[in-house]
Amino acid sequence: MNSPAAPFRQFVLKVASRCDLACDHCYVYEHADQSWRGRPVVMSDETIAWSARRIADHASRHGLPKVHVVLHGGEPLLAGRDRLAGIADEIRGALEGVCALDLRIHTNGVLLDEAFCDLFAEHDIKVGISLDGDRAANDRHRKYANGRSSYDKVIRAVELLRRHHPGLYAGLLCTVDIANDPVVVYEALADLEPPHIDFLLPHTTWDRPPSPEGAHGDWLIKVFDRWMADGRPMAVRIFDSALRIRGNGSSLTESLGLQPNDLVVIETDGSYEQVDSLKTTYDGAPATGLGVRDHCLDEVARHPGFGDRQVGLAGLCDRCRACPVVETCGGGLYAHRYRTGSAFDNPSAYCADLLRLITHVNDAITGLDPHTLRAGDLAALATGYGGSGAMLALETVQRTMRRALLGKIGTVAASPEAWRLLTYVDRKSPEALNAVLAHPYVRVWAVQHMNGRADDAHLSAIAVTAALRAGMETSLRVPVRDGALHLPGLGRLDVGLTGTATVTTGDGWFAVDADGHSRRVDVGAREAVPGWSPVRRLVVGDLSVALDDIDPYRDCHRWPAADRLSEAELERWSELLHDAWKLIVRDHPAYAPAMAAGLTTIIPLVPRDDGRDVSSTARDAFGAVAAAAPSDAATLALLLIHEFQHVKLGAVLDMLDLYDAKDVSLYYAPWRDDPRPLEGLLQGTYAHIAVTDFWRVRRTLDGGAEAERAAIQFAHWRSQTAQALKTLDGSGALTATGRKFVNAMAESVGRWLEEPVSPEAEYEARRRADAHRESWGRSTPLPG
């Protein structure tokens, strides 16, 4: 079994090669590589177009659901508003219908103003800012060429994002300086309420080793301890990565872990380069000799400089391979291993620091559940919202659960070959296996199997799909169901037989041998292959979802799943989702980050005969929402927001006990005529917080009769949800954590109860509630 180079998923575009600050720790201008001097000041239109085309072609060939593009420099704001707008348009246009785009810009902030923020809001560009702490810490390095402080302008930029454009605020980047007090630096950054903080070790090599040994690790340990004591109020990439790796997750940074490198830089002249940190080693170190005009990204991935960082443990020196924390450390940042004479065949120059930090992190969480929610994330979820960081934590737990289920099934499965292949893929390309396991209906199958309602034959389909995603060359016998081969998350191939077929996989293709006939499918090809029905993907902005109408285990909702959609039906879904997502991002932005991070799949349902809307989730299908296509985009937006609340809360309940599982009482919800178990009431109430919020916002946006209709809906649902919250509070079955969670839900609704609505809307809402109770045979209001 052979493994090709991993595809790139992260692209750094150097849109400007000059900077308006003169930071003395900058690796671009102050270290060994000085190639910036001969590059164009800004990226040309031609280079932008070629770059966008290459990224789109690469994403299409490898079936990537999302790519991450960072506009960088130099100082990228020096490229100007018009050029940045053109870059965003070019990249989004190239990726339209190919994959989702996470587009960001990293700036020193001194030029950031309202006009730039308006442009970034229009083009959905998240903004990260470099800031080294308080004034004293920041002014130690981040100054103008004449020595003038940049601090006030940077703080003004951060406050502009934080207070007026929070949806654009991506976080802060801080370069560690052990001369600064670590707790003072942390507090200064935390006071700015960043969603993320990235602490970077200053770039150096063994030719200029850091001194004193271990001091940077001790500095980070003090920050880690304070961050943990504060309840992890924001994401910190280096700490979160260490915790994720310990929990069998992937690293969030190239400076930790053994995962293959998936980042490439495109300079202002169109040259492909390796990571920027290599500029600190020797002149020309990042260069590849390749460029966007003449070379595709697959050629770049085969460059030896990238290949050295694709082989995990095998690419490390003997000392690293023998280290007890190598799985987490991964040898540290590649550039920091450099030494004249032995090149990169060394541990990190920060070896002692990383060993101290990782050992401390491991000791600090020994005996604790590594799958925990930050206090800030749990609080945000409890109010009804929750961001991408919360979804990342929930997904970490879901991945562990799926792996545990797979392990229970695989070790006793009838096909030991499938289990051996899965374990091999996991060793060589764990992200490929995680991508398959992330498909919501893999867990549905696993739970059904554990309950005796599904056989283990689907394990072979999962294994061969994982090998295919990893680009491995292998063969396996795979079951055929109803004349078709099902590859979860990828597609279905009609083969016209029953039993099993031999499936051979390679880099981006698979072949099926059945009844003496062989057929090959290139998964990323745009040409139709007879009998091959790929899972089709809908992409809008940073949302990328599979519209899965073929998975054999998708029909687990309370309404039947639709069969394969026609092209006209697919187009209708595409139009609806496009408009619905734009509406959510524009009018209901508090829900967008979690949905963009966690909504992976939509299952089309069969429409109702009476034309009423229908939507659903399944408890074991994390990341999936099922719905029949509604009549308009606003309704789809409401259905998605509503149902995704169930996805979030279901995952929270997998992590935390919010109520006494022994409670067998049944409780009435104001919107149902049948009593429910406490979890059902809790789920419904949490979902209707979002419904209430949806109508709360819509009454201020729509005019005339639509505004009055929205006001009535708002008045109705806030009253209904408030009643349900009182029932939950009075149940006596909530745990201490559950009471806190429900109290936070109640605080959201309590604020809305104070918002004025017209007497007519209030009257109509009460009339409807009374009519519902009477129709259900309840003549008096619910308790409370």
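These numbers come from a predicted model, not from an experiment.

Caption draft 1: Seen up close, the packing of aromatic side chains. Under the defined criterion, the tally for this structure stands at 15 aromatic pairs. Taking 5.9 Å as the distance between ring centres and 20 degrees as the angle between the ring planes, the aromatic pair formed by Phe116 and Phe120 counts as stacked. With a gap of four residues between them, Phe116 and Phe120 both fall in helix H3 (residues 114-122), about one helical turn apart. Pair check on accessibility: Phe116 and Phe120 agree, each one buried.

Caption draft 2: Representation of the sheet that holds strand S20 (residues 601-604). Ordered by their spatial adjacency, five strands build an open sheet running S18-S19-S20-S22-S21, and the pairing between neighbours is mixed. If you trace the sheet from one side to the other, it starts and ends with strand S18 (536-540) and strand S21 (615-616), each paired once. As paired elements, strand S19 (residues 543-547) and S20 share two bridges and run parallel to each other. Each bridged residue has a counterpart across the sheet, and for Ala546 the counterpart in S20 is Thr601. Packing of helix H22 (residues 633-655) onto the sheet brings it into contact with S20, S21 and strand S22 (624-627), and relative to S22 it is tilted by some 135 degrees.

Caption draft 3: Quick look at the environment of Asp693. Mapping Asp693 onto the fold places it in helix H23 (residues 678-701). Each residue touching Asp693, except ones within four places of it in the same chain, is listed here: Tyr385, Tyr591 and Trp752.

Caption draft 4: Examining the environment of Ala115 more closely. With respect to the helices and strands, the residue Ala115 is situated in helix H3. Judged by its relative accessible area of 35%, Ala115 is partly exposed.

Caption draft 5: Molecular detail of the packing of helix H16 (residues 416-428) against helix H19 (residues 458-470). It is the contact of H16 with H19, at a shortest axis distance of 9 Å, that shows an interaxial angle of 30 degrees. Taken together, the axes of H16 and H19 are roughly parallel relative to one another. For the pair H16 and H19, the crossing hand works out as left-handed. Touching Ala418, Leu421, Leu422 and Val425 of H16 are Leu459, Ser460, Ile462, Ala463, Val464, Ala466, Ala467 and Ala470, all from H19. Across the contact of H16 with H19, the residue classes tally to eleven nonpolar, one polar and no charged.

Caption draft 6: Looking closely at empty space enclosed by the protein. Applying the stated criterion across every chain yields a total of four cavities of 30 Å³ or more. In this structure, the second largest cavity spans a volume of roughly 60 Å³. Taken together, Lys14, Ala16, Ser17, Val28, Tyr29, Trp36, Arg39, Gly73, Gly74, Glu267 and Lys279 make up the lining of the second largest cavity.

Caption draft 7: Structural view of the pairing of S22. Burial along S22 is two-sided: Ala624 and Ala626 and Val625 and Ala627, pointing in opposite directions, are all buried. With four bridges joining them, S20 and S22 adopt parallel strand pairing. Across the sheet, the residue bridging to Ile602 is Val625, located in S22. Examined bridge by bridge, S21 and S22 share two bridges and lie antiparallel to one another.

Caption draft 8: Molecular detail of the side chain of Arg39. As for its placement among the helices and strands, Arg39 is situated in the loop between strand S1 (10-14) and helix H1 (45-62). A polar atom in the side chain of Arg39 sits 3.0 Å from the side chain of Asp269. For Arg39, the side chain forms a polar contact with the side chain of Glu273, separated by 2.5 Å.

Caption draft 9: View of unusual backbone geometry. Backbone torsion omega between Gly73 and Gly74 reads 15 degrees, so that peptide bond is classified as cis. The residue Gly74 is located in the loop between strand S2 (66-72) and helix H2 (81-95) in this model. A cis geometry characterises the amide bond from Ser211 onward to Pro212, with omega recorded as -5 degrees. Note that Pro212 resides in the loop between strand S6 (196-200) and helix H7 (215-229). If you check the backbone angles, Ala343 has positive phi at about 55 degrees while not being a glycine. By the secondary structure assignment, Ala343 is in the loop between helix H12 (326-329) and helix H13 (351-365). One non-glycine residue with positive phi stands out, namely Asp482, at about 50 degrees. With respect to the secondary-structure elements, Asp482 resides in the loop between strand S11 (474-480) and strand S12 (484-487).

Caption draft 10: Representation of the nonpolar core in the model. Core analysis: the biggest nonpolar cluster contains 97 residues, and Leu13, Leu84, Leu112, Phe120 and Phe199 have the highest contact counts within it. The dominant element in this core, judged by the number of residues it contributes, is helix H5 (residues 151-164), at seven residues. Those residues in contact with Leu84 that sit more than four places away from it in its chain are Val15, Leu71, Pro76, Leu77, Ala79, Ile105, Phe116, Leu119 and Phe120. Within the second largest apolar cluster, 79 residues are counted, among which are Val545, Tyr659, Phe694 and Ala715.

Reading the values: the criteria
Residues numbered from 1 in each chain as written. Predicted model: local features only at pLDDT ≥ 70, side-chain atom pairs only at ≥ 80, totals over all residues. Heavy atoms only, no water. Phe/Tyr/Trp six-rings, centres within 6.5 Å; stacked < 30°, edge-to-face > 60°. Helix = DSSP H or I, 4+ residues; strand = E, 2+ residues; numbered from the N terminus. Buried < 20%, exposed > 50% of the residue type's maximum accessible area, 1.4 Å probe, protein only. Pairing = 2+ DSSP bridges. Contact = heavy atoms within 4.5 Å. Axes fitted to C-alpha atoms, helices over the stretch in contact; angles between N-to-C directions. Parallel < 35°, antiparallel > 145°, perpendicular 65-115°, else oblique. Left-handed = near helix turned anticlockwise from the far one by under 90°. Nonpolar A, V, L, I, M, F, W, Y, C, P; charged D, E, K, R; others polar. 1 Å grid on protein atoms, 1.4 Å probe; cavity = no way out; pocket = protein on both sides within 12 Å on 5 of 7 lines; lining within 4 Å. Points joined across faces, edges and corners; volume = space filled by probe spheres on them. Polar contact = N/O pair within 3.5 Å; in protein donor to acceptor, adjacent residues only side chain to side chain. Core = buried A, V, L, I, M, F, W, Y, C linked by side-chain atoms within 4.5 Å.

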